[in-house]
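Examining the three-dimensional arrangement
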Amino acid sequence: MEKYVINGGKVLDGEVTISGAKNAAVAIIPAVILCDEPCRIENIPNISDVSLIGRILQQLGAEVKRIDKSTLYIDPRMINSHVATTDLVRGMRASYYLLGALLGRYNKAKVALPGGCNFCARPIDQHLKGFAALGARHELVNGAIIDVKADSRLQGNSVYLDMVSVGATMNIMLAAVKAEGLTVIENAAKEPHIVDLANFLNSMGAQIRGAGTDVIKIRGVDYLHGVTYSIIPDQIEAGTYMCAAAATRGRVLVKNITPKHLDSITAKLREIGCEIKEYDEAILVDATKKPLTRCNIKTMPHPGFPTDCQPQFTTLLATVNGTSIVNENVWETRYQYVSELTLMGAHISVEGRLAIIEGGSKLKGAPVKATDLRAGAALVIAGLCADGVTEVGSIQYIERGYENITEKLRALGADIKKVYKDESSDNVLRA
Ligand code: EPU
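The structure reproduced in this document is the subject of the present report.

It is worth spelling out the packing of helix α10 (residues 310–318) against helix α12 (residues 373–385) at this point. At their nearest, the axes of α10 and α12 sit 7 Å apart, and the two run at 25° to each other. Relative to α12, α10 is oriented roughly parallel. Here α10 runs over α12; the crossing is right-handed. Contacts between α10 and α12 involve Pro311, Gln312 and Thr315 from the former and Arg374, Ala375, Ala377, Ala378, Ile381 and Ala382 from the latter. Looking at the contact of α10 with α12, its residues break down into 6 nonpolar, 2 polar and 1 charged.

What follows is the structure, encoded as structure tokens:
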């Protein structure tokens, strides 16, 4: 029963430092299962999804220690099980990476089906198709556990993905790293975290070529040695602060990022009238210079506009004059936050994959609820721009993926605090 209370209307101004990428971390941490020596992973974001995956590795027998706020030491040598079926596993979407990692190590894996963010059915048929190509058959146990096994060492093979899938690309990479011979993934996803996972595995001695293109080749190796590796900055966290800066008509320097990863977001912010300056590892978003105007966006796999920034950008578009159209092309439904934005006075109608935004109405504070991680981020942005007080509930979704969001926003001048409520009396206990 925690929530964020936002007193809106403050213009964001200042600097924000971006943390390590969630979607890289949740793949790289389980990838350590494949390593034959301990590893040290740096620039780890301090978020609940990372704590969860760390605890899951501990349940499997690994030694996992937090050396400091952003560094994990993981010794996978004591892992003694290919079975990950606890509630912790079920509670996390990205636990599907345990399938690829355990299969790559043991030629078998038994993993609970993922839960996690709740915005639409999230199939893993392409992951399973990849494992099958490598020689592993699967069975669904009690509708809740995937049991994958091969009779002998996995054999490299070609896999053509029917659709571009981040998770399937990474999971097949994990399974293929120690397989016999060459695996080729065609129609692979190209997100920065795919390149990051490949770089991590290669730094341990894997032979992966082509990550970041749509054909990835993996020649299996027998041994992976321990490394110290630093995770890339979080492209979506950066995109979220860029949208927040623009939505409040502020001026924010977003630091510790790779500007290239943000090209699609930068281009759209420029299109609506923000002034953007790019530096080696930072981007300045300045929305103070001229009125912002409408635009259309269509989400696509990388390097297209990321679906994970769609709710935040849609919220920004609700604040600018004119009619904008958003086409959500990756997930069938990712507009659950729209009804909450409507409560705050936004004029948005949804028809299938399209959201039509009649922008420019002044948002008003209201009690709203996060329905998933990025929906939650969008509601926080809405609260920052709204007149009056917004209370965002179900913030556990937001804290899966945003490190210190209230502290970072307060440093930019926002009036936001996290409060803890007594469920029975509805009284605020402490702030
Ligand atoms: N799909 C299938 N079958 C599959 C896999 C995917 O039909 O076997 C479909 C999905 O239904 C979806 C599309 O393919 O329509 C793309 O899904 P993808 O596999 O790329 O998504 P994912 O790997 O499950 C990751 C991120 C998501 C992000 C998507 C797209 C992680 C842990 N999650 O999910 O991140 O939206 O890629 O970029 O990396 C978030 O961070 O908020 C988040 C939801």
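Still to come is the rest of the account.
To continue, consider the site of the ligand. Close contacts around the ligand come from 25 residues, with Gln126, Ser165, Gly167, Asp308 and Val330 the closest. With respect to the ligand, the side chain of Lys22 contributes an N or O atom lying 3.3 Å from an oxygen atom. Arg334 places a polar side-chain atom, nitrogen or oxygen, 3.3 Å from an oxygen atom of the ligand. In isolation the ligand offers 830 Å² of accessible surface; the protein chains occlude 91% of this area. If you list the elements that add at least two residues to the shell around the ligand, you get α1 (22–31), α5 (125–133), α6 (166–176) and α12. In terms of residue class, the shell around the ligand is built from 12 nonpolar, 6 polar and 7 charged. Formed jointly, the shell around the ligand draws a minimum of three residues from each of two domains, domain 1 (2–19 + 234–430) and domain 2 (22–220).

In total, this model carries 25 salt bridges according to the counting rule given. A salt bridge links Glu15 to Lys255, with the shortest nitrogen-to-oxygen separation between them at 2.8 Å. Within this pair, whereas Glu15 is found in strand β2 (residues 13–17), its partner Lys255 is found in strand β15 (residues 251–255), the two being separated by 240 residues in sequence. Taking the relative accessible area as the measure of exposure, Glu15 reaches 46% and is therefore partly exposed. For Lys255, a relative accessible area of 27% puts it in the partly exposed group. Ionic pairing is found between Lys149 and Asp147, a salt bridge with its closest N-O pair at 3.5 Å. Overall, the relative accessible area of 32% leaves Lys149 in the partly exposed class.

Let us look at the environment of Asn199. Tracing the chain through its elements places Asn199 in helix α7 (residues 192–203). Classification of Asn199 as partly exposed rests on a relative accessible area of 38%. The spacing of Asn199 and Arg209 is 10 residues in sequence and 9.5 Å in space, taken between C-alpha atoms.

Criteria and thresholds
- Residues numbered from 1 in each chain as written.
- Predicted model: local features only at pLDDT ≥ 70, side-chain atom pairs only at ≥ 80, totals over all residues.
- Heavy atoms only, no water.
- Axes fitted to C-alpha atoms, helices over the stretch in contact; angles between N-to-C directions.
- Helix = DSSP H or I, 4+ residues; strand = E, 2+ residues; numbered from the N terminus.
- Parallel < 35°, antiparallel > 145°, perpendicular 65-115°, else oblique.
- Left-handed = near helix turned anticlockwise from the far one by under 90°.
- Contact = heavy atoms within 4.5 Å.
- Nonpolar A, V, L, I, M, F, W, Y, C, P; charged D, E, K, R; others polar.
- Near = heavy atom within 4 Å.
- Polar contact = N/O pair within 3.5 Å; in protein donor to acceptor, adjacent residues only side chain to side chain.
- Areas by Shrake-Rupley, 256 points an atom, 1.4 Å probe, with all protein chains shown as cover.
- Domains from an automatic or database assignment.
- Salt bridge = Lys/Arg side-chain N within 4 Å of Asp/Glu carboxyl O.
- Buried < 20%, exposed > 50% of the residue type's maximum accessible area, 1.4 Å probe, protein only.

Worth remembering: the numbers are spatial, not functional.
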